[in-house]
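Geometric and topological summary
If you want the building blocks of each chain, they are given just below.
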Amino acid sequence: MGLKTAALKKSIWVFHVACSPCNNCDIEILDLLTPRFDVERFGIILVGSPRHADALLITGVCNRHVTPRLIETYRATAKPCVCFLFGACSCQGNVFKGGYNVPRLIDEIILEEDPNAIIVYIPGCPPKPEAMIAGVVKALSVL
Amino acid sequence: MKKTILPIGPFHPLLEEPEFFTLYLEGETVVKVDLRIGYNHRGHEKLATGLTWDQVPFLVERICGICSTSHPYAYVLAVEDLLDIKAPPRGQYIRSLIGEMERIHSHLLWLGLAGHFIGYNTVWMWAWRYREEILDACEKLTGNRNHYAMCRVGGARRDVTQEAMDFTMQSLDSNERSTTMFLGAIVDDPVMHKRLKGVGVLTKEDAIAYAATGPTSRPSGVRWDVRETDPYDAYGASLKAKAWDVIVLEEGDVFAKAAARVLEVLESIKLCRWLIENMPDGEIDVKVGNIPEGEGCGRHEAPRGEVFHYVRSDGSNKPIRHKVRAPTFTNLPTYKASCPGEQIADVALITAAIDPCYCCTERVGVVTRNRRNTLTQDDLVKLSVEKTLEIEKKIGRRSNLAKI
């Protein structure tokens, strides 16, 4: 573990990238910030710009229209950063796999852009907020 | 005065979903709003033609995560219309119950986001905390917080237990208390009045002209609710029993839209209670055999307005055409009537006040990058004519219409 990764783990600031989702994972992510789960007590804050973010929260299946925007957002994020793929859609395509507007999966797109990208998969449709917190904690303990 | 162009999006902290707004400003005043979508198109209609009749509900459920019962609900109503069958009473009541639970949590969600948009995060936190109770009840009833998968052609997919219904009653009681408190807090709050009253007024004429539906048109004085005008499933019986009422307000501003949604939550709570108390016994679904040739339409009053599904069958095990029209499709253009002349700070709120759901709406994706493609009516007609000529060429004969 390098110094940079060690600093990354302390209180991660996240940027939410919605790549043609069905809104469900997005709503559950916002749910994490509200009183029942309240991840702000761990220092996790939703920020307004990828330049400020330590992690990208990516949801959805990433259609043709949004792919270049996702790559641009990934480039804009300060490295090292962690990409959390929320939900079955972003992990493996879910019911949309094989659709004409869903040519590639998100991890393929990101790995093509940066082969050393750190990608964390949190499956579920949608993953429950508890599962999301568990996934983030597990990922941080491995890094 | 010089015009300023302000781009917002596609990934913007205020926007839940990716979409791209262009605001044309004169000073602080908005003169024109342009919207580019296509970031959410996943090709549902095409994918649906590759799945069997019983698999499609799982696909259409994933059109939208917030109104995730309304799409399969409208779809199964369409297929039942094609088959000319009716679900057994218990199946109908279960579907309607889930539909109403969804309305409650969707409206509370919108209220929270509206609070967030005006920088009133207390409202956001409160609304979403009260929403959790409803989600717990949904989890108890169906097994998942969202994406309930309770609709199937011919009835409900699974039964609800008495224990779950008792739990739901408790959740509804506690939610009613908090929502009533919430309503009082909104009505008494001078900040809310100053911020929301008279902002983004949608007149009754505009609402009718743009064919707005649901909680966008009802606060403008248009009494149109599919549950009342064309009752289906358990709604007809509940109307006869006077279990609930349609909320119609007159002002048409953002305050009226917020108030209408809170009042609708209270009405939905009443209706849910009535549905649970009058839940009939018996079968939850009928056996559905082969789907014959034909076509069917189904519509359901989703939290955002009327959702419409059309299916066509050629007698095989898959639909050959599936058309979806989401409520946001008609609600969205109303920003053209309500935005111009408003302050830039209010535009986020006004566009949010229709509770837009872009992932429901998008049926077209533009693939070319860095090129502005706008298809006008003439372009579409030209494309259509070209296709007809192509087909004539392919099958080697001219159509009868060409003679005319």
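Check the entry above for the structure.
The text that follows walks through the structure, step by step, so that each part is easy to find. Being a predicted model, the structure only gives us computed values, none of them experimental.

1. Let's talk about the packing of aromatic side chains
Inspection of every chain in the model, using the stated rule, returns 8 aromatic pairs over all chains. An angle of 75° between the planes, with centres 5.0 Å apart, marks the rings of Tyr232 of chain B and Tyr235 of chain B as edge-to-face. What makes Tyr232 of chain B buried here is its relative accessible area of 9%. One aromatic cluster is present, built from ring pairs that chain together Tyr73, Tyr232, Tyr235 and Trp244 of chain B. In this arrangement the basic side chain of Lys79 of chain A is found over the ring face of Tyr74 of chain A, its NZ or CZ atom lying 4.5 Å from the centre. Here Lys32 of chain B stacks its cationic end above the ring of Tyr24 of chain B, 4.9 Å away from the centre of that ring.

2. Things to note about the side chain of Arg103 of chain B
Following the sequence through the fold, Arg103 of chain B ends up in helix α4 (residues 89–117). A residue is classified by how much of its surface remains accessible, and Arg103 of chain B, at 1% relative accessible area, is buried.

3. What to know about the packing of α4 of chain B against helix α6 (residues 162–188) of chain B
Residues and elements named next belong to chain B. The contact between α4 and α6 brings their axes to 13 Å, and the two run at 30°. Handedness of the α4/α6 crossing: left-handed. Contacts from Arg90, Met101, Ile104, Leu108 and Leu111 of α4 reach α6 at Met165, Thr168, Leu172, Asn175, Phe182 and Ile186. Within the contact of α4 with α6, the residues separate by chemical class into 8 nonpolar, 2 polar and 1 charged.

4. Considering the pattern of salt bridges
Counted by the stated rule, this structure contains 34 salt bridges over all chains. When the shortest N-O distance is used, the salt bridge between Arg36 of chain A and Asp136 of chain B registers 2.9 Å. Within this pair, whereas Arg36 of chain A is found in the loop between α2 (24–33) and β2 (45–46), its partner Asp136 of chain B is found in helix α5 (residues 121–142), the two belonging to separate chains. Among the residues examined, Asp136 of chain B registers a relative accessible area of 22% and is labelled partly exposed. One continuous salt-bridge network, built from bridges that share partners, spans Glu28, Asp31 and Arg36 of chain A together with Arg131, Glu132, Asp136 and Arg145 of chain B.

5. Let's talk about the packing of α2 of chain A against α5 of chain B
Between α2 of chain A and α5 of chain B, whose axes approach to 10 Å, the crossing angle comes to 115°. In the packing of α2 of chain A onto α5 of chain B, the handedness of the crossing is left-handed. Contacts between α2 of chain A and α5 of chain B involve Ile27, Leu30, Asp31 and Leu33 of chain A from the first element and Trp124, Met125, Trp128, Arg131, Glu132 and Leu135 of chain B from the second. Looking at side-chain class alone, the contact of α2 of chain A with α5 of chain B contains 7 nonpolar, no polar and 3 charged residues.

6. Here's the deal with the nonpolar core
Generally speaking, a soluble globular protein has its nonpolar side chains buried in company with each other. Counting 128 residues, the largest nonpolar core has Phe84 of chain A together with Tyr75 and Met101 of chain B as its most contacted members. Contact partners of Met101 of chain B, with chain neighbours within four places excluded, come to Ile134, Ala137, Cys138, Leu141, Thr168, Leu172 and Cys272 of chain B. Membership of the second largest hydrophobic core comes to 24 residues, among which are Phe15, Cys81 and Cys91 of chain A together with Phe11 of chain B.

7. Description of the interface of chain B and chain A
Facing the 44 residues of chain B at the interface are 41 residues of chain A. Between chain B and chain A, a total of about 3700 Å² is buried, with carbon and sulfur atoms accounting for 61% of that surface. The three residues of chain B that bury the most area against chain A are Phe11, Glu16 and Arg42 of chain B, which together make up 20% of that side's buried surface. A salt bridge links Arg131 of chain B to Asp31 of chain A, with the shortest nitrogen-to-oxygen separation between them at 3.6 Å. Residue assignment for the side of chain B that touches chain A shows that the elements contributing at least two residues are α1 (44–48), α4 and α5 of chain B. Broken down by element, the side of chain B that touches chain A gets its largest block of residues, 10 residues, from α5 of chain B.

8. A few points about helix α6 (residues 129–142) of chain A
Residues and elements named next belong to chain A. Taking 1.5 Å per residue as the helical rise, α6 with its 14 residues ought to reach 20 Å, and the 20 Å between its terminal C-alpha atoms agrees with that figure. Taken together, the buried positions of α6 are Pro129, Met132, Ile133, Gly135, Val136, Ala139 and Leu140. The arc enclosing the buried residues of α6, seen along the axis, measures out at 160°, which places them on a common side. Looking at α6, the residues exposed on the side facing more than 90 degrees away from the buried face are Val137, Lys138, Ser141 and Val142. Of the surrounding elements, those touching the buried residues of α6 are α2, β4 (82–86) and β5 (118–122).

9. Examining the pairing of strand β8 (residues 319–325) of chain B
The side chains of a regular strand alternate, first on one face of the sheet and then on the other. Where strand β7 (residues 305–314) of chain B lies against β8 of chain B, 6 bridges are found, and the strand directions are antiparallel. Considered in β8 of chain B, the bridge of Arg312 of chain B is made with Arg321 of chain B.

10. Some points on the sheet that holds strand β3 (residues 29–36) of chain B
Residue and element names in this part refer to chain B. Pairing within the open sheet is antiparallel, and its 3 strands lie in the order β1-β2-β3. In this open sheet, the two strands that pair with only one neighbour each are β1 (4–8) and β3. Each strand axis lies, on average, 20° off the axis of its neighbour in the sheet, ignoring direction. In this structure, β1 lies alongside strand β2 (residues 20–26), joined through 5 bridges in antiparallel fashion. Opposite Thr4, over in β2, you have Leu25 as the bridge partner. Relative to the sheet, helix α14 (residues 344–353) contacts β1, β2 and β3, its axis offset from that of β2 by approximately 145°.

Each value, and the rule that gives it
- Residues numbered from 1 in each chain as written.
- Chains lettered and ligands numbered in written order.
- Predicted model: local features only at pLDDT ≥ 70, side-chain atom pairs only at ≥ 80, totals over all residues.
- Heavy atoms only, no water.
- Phe/Tyr/Trp six-rings, centres within 6.5 Å; stacked < 30°, edge-to-face > 60°.
- Buried < 20%, exposed > 50% of the residue type's maximum accessible area, 1.4 Å probe, protein only.
- Lys NZ or Arg CZ within 6 Å of the ring centre and 35° of its normal.
- Helix = DSSP H or I, 4+ residues; strand = E, 2+ residues; numbered from the N terminus.
- Axes fitted to C-alpha atoms, helices over the stretch in contact; angles between N-to-C directions.
- Left-handed = near helix turned anticlockwise from the far one by under 90°.
- Contact = heavy atoms within 4.5 Å.
- Nonpolar A, V, L, I, M, F, W, Y, C, P; charged D, E, K, R; others polar.
- Salt bridge = Lys/Arg side-chain N within 4 Å of Asp/Glu carboxyl O.
- Core = buried A, V, L, I, M, F, W, Y, C linked by side-chain atoms within 4.5 Å.
- Buried area = accessible area lost by both parts, 1.4 Å probe.
- Expected span 1.5 Å × (residues − 1).
- Arc of directions from axis to C-beta.
- Pairing = 2+ DSSP bridges.

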